[in-house]
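What the coordinates show
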Amino acid sequence: TPEDLDRTVQEKAVQSDGEPVYHTSVAELGDQMREKLVSREKQITLYYEGSEYNQDVMTDIFHEAVRHTGVPDEGDYLRWQYAGWEGNMSGYVEGNTYFLTLSYTFTYYTTAQQEAEVDTAISEIRNQLELAGKDDYDKLQAIYGYICSHVTYDEEHADDADYKRKYTVHAAIFDHTAVCQGYALLVYRLALEEGIDCRFLAGMGNG
C-alpha cells in the first residue's frame, strides 16, 4: 500500500549529480530493461514516477521489455530464455506523485558468455548455409534442414524439471540436442537474422 512505501532516498537511482532518475513512461522503462535483459543482468533496478500507486507496473514494464521487436536476440528470444523473476517495489509519495523504486531479480537459462558464444555460432551457421542472395523460402528451407540434421530431441532430459539447459539455443547448437523450446528459438534467431519476421508461439501438445 502507499502507506508502506519506504521513504529512503538511498534506494533511488542516482545520476552524477546525486539525484535519482525517474521515468513516467512504461515504454521507456521497458527499453531500459530490455537492454539489461540482453546483457543477462541478474539485478535490475528501475525508477518509475506516476500519479497513482500502480501495483501492476512491474509486470507491465516486463511485458514491454520482452515484446516482439524484430531484433533477433530480443522479443520472444528473451521471453523464452529466462527461468523467472522476483520483484520488490518501494519508494515514497510527494503530493499526488509516487516515486517508485522497482527492483527485479532475474534467473536466466544462459549466461552472458554463453550468449556471446551463440552470437558467434549463429554467424558461422549463416555463412555455412550461404544464405546471401536466396529468397525467403529457400532461406527457411535451408535453416529448417540445418536444424533437422544437427539437432535431436533431448529425450534424456525431457522429464527432468531441474535440467534447464535443454530449453536453450546454446544447447541446440553446442550439444546438438534440446527440447522444442531450444530448437524453435534457434529457428527464431536464424530467421530474424535473415530479415524474415518470425514469432515463437507456445501451446499444449498431447492433451
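**Side note on the sheet that holds strand β1 (residues 43-50)**
Overall, antiparallel pairing links the three strands, which are arranged β1-β3-β2 in an open sheet. The sheet terminates laterally at β1 and β2 (82-94), the two strands that pair on one side only. Across the sheet, the mean angle separating the axes of adjacent strands is 20° when strand polarity is ignored.

**Observations regarding empty space enclosed by the protein**
Summed over the entire model, instances satisfying the criterion amount to one cavity of 30 Å³ or more. What the largest cavity holds in volume is close to 40 Å³. Lining the largest cavity are L37, F62, V66, L78, Q81, Y82, F106 and Y108. Tallied by class, the residues present in the lining of the largest cavity amount to seven nonpolar, one polar and no charged.

**A word on the nonpolar core**
Formed by 25 residues in total, the largest nonpolar core has its most connected members in I147, V169, I173, L186 and L190. Those elements that provide at least two residues to this core are α4 (112-129), α5 (136-150), α6 (169-174) and α7 (180-193). For this core, the element with the most residues is α7, which contributes six residues. Those residues in contact with L186 that lie beyond four places of it in its chain are I122, I147, V151, V169, A172 and I173. Listed in part, the 21 residues of the second largest apolar core include M33, L37, Y98 and Y104.

**Some words on the pairing of β2**
On a regular strand, each side chain points to the face opposite its neighbour's, so the side chains alternate between the two faces of the sheet. The sheet contact formed by β2 and strand β3 (residues 97-108) spans 12 bridges and is antiparallel. Within β3, the residue paired with M89 across the bridge is L102.

**Digging into the pattern of salt bridges**
Scanning all chains against the criterion turns up 12 salt bridges. Across the salt bridge formed by R67 and E64, the nearest N and O atoms sit 2.7 Å from each other. A salt bridge links R189 to E193; its shortest N-O distance comes to 3.2 Å. Residue R189 and its partner E193 are both found in helix α7; the two are separated by four residues, about one turn of the helix. By relative accessible area, which is 2% here, R189 ends up buried. Under the relative-accessibility criterion, E193 is labelled partly exposed at 26%. One salt-bridge network, in which partners are shared between bridges, spans D119, R126, K139, R189, E193 and E194.

Conventions we followed
Residues numbered from 1 in each chain as written. Predicted model: local features only at pLDDT ≥ 70, side-chain atom pairs only at ≥ 80, totals over all residues. Heavy atoms only, no water. Pairing = 2+ DSSP bridges. Helix = DSSP H or I, 4+ residues; strand = E, 2+ residues; numbered from the N terminus. Axes fitted to C-alpha atoms, helices over the stretch in contact; angles between N-to-C directions. 1 Å grid on protein atoms, 1.4 Å probe; cavity = no way out; pocket = protein on both sides within 12 Å on 5 of 7 lines; lining within 4 Å. Points joined across faces, edges and corners; volume = space filled by probe spheres on them. Nonpolar A, V, L, I, M, F, W, Y, C, P; charged D, E, K, R; others polar. Core = buried A, V, L, I, M, F, W, Y, C linked by side-chain atoms within 4.5 Å. Buried < 20%, exposed > 50% of the residue type's maximum accessible area, 1.4 Å probe, protein only. Contact = heavy atoms within 4.5 Å. Salt bridge = Lys/Arg side-chain N within 4 Å of Asp/Glu carboxyl O.

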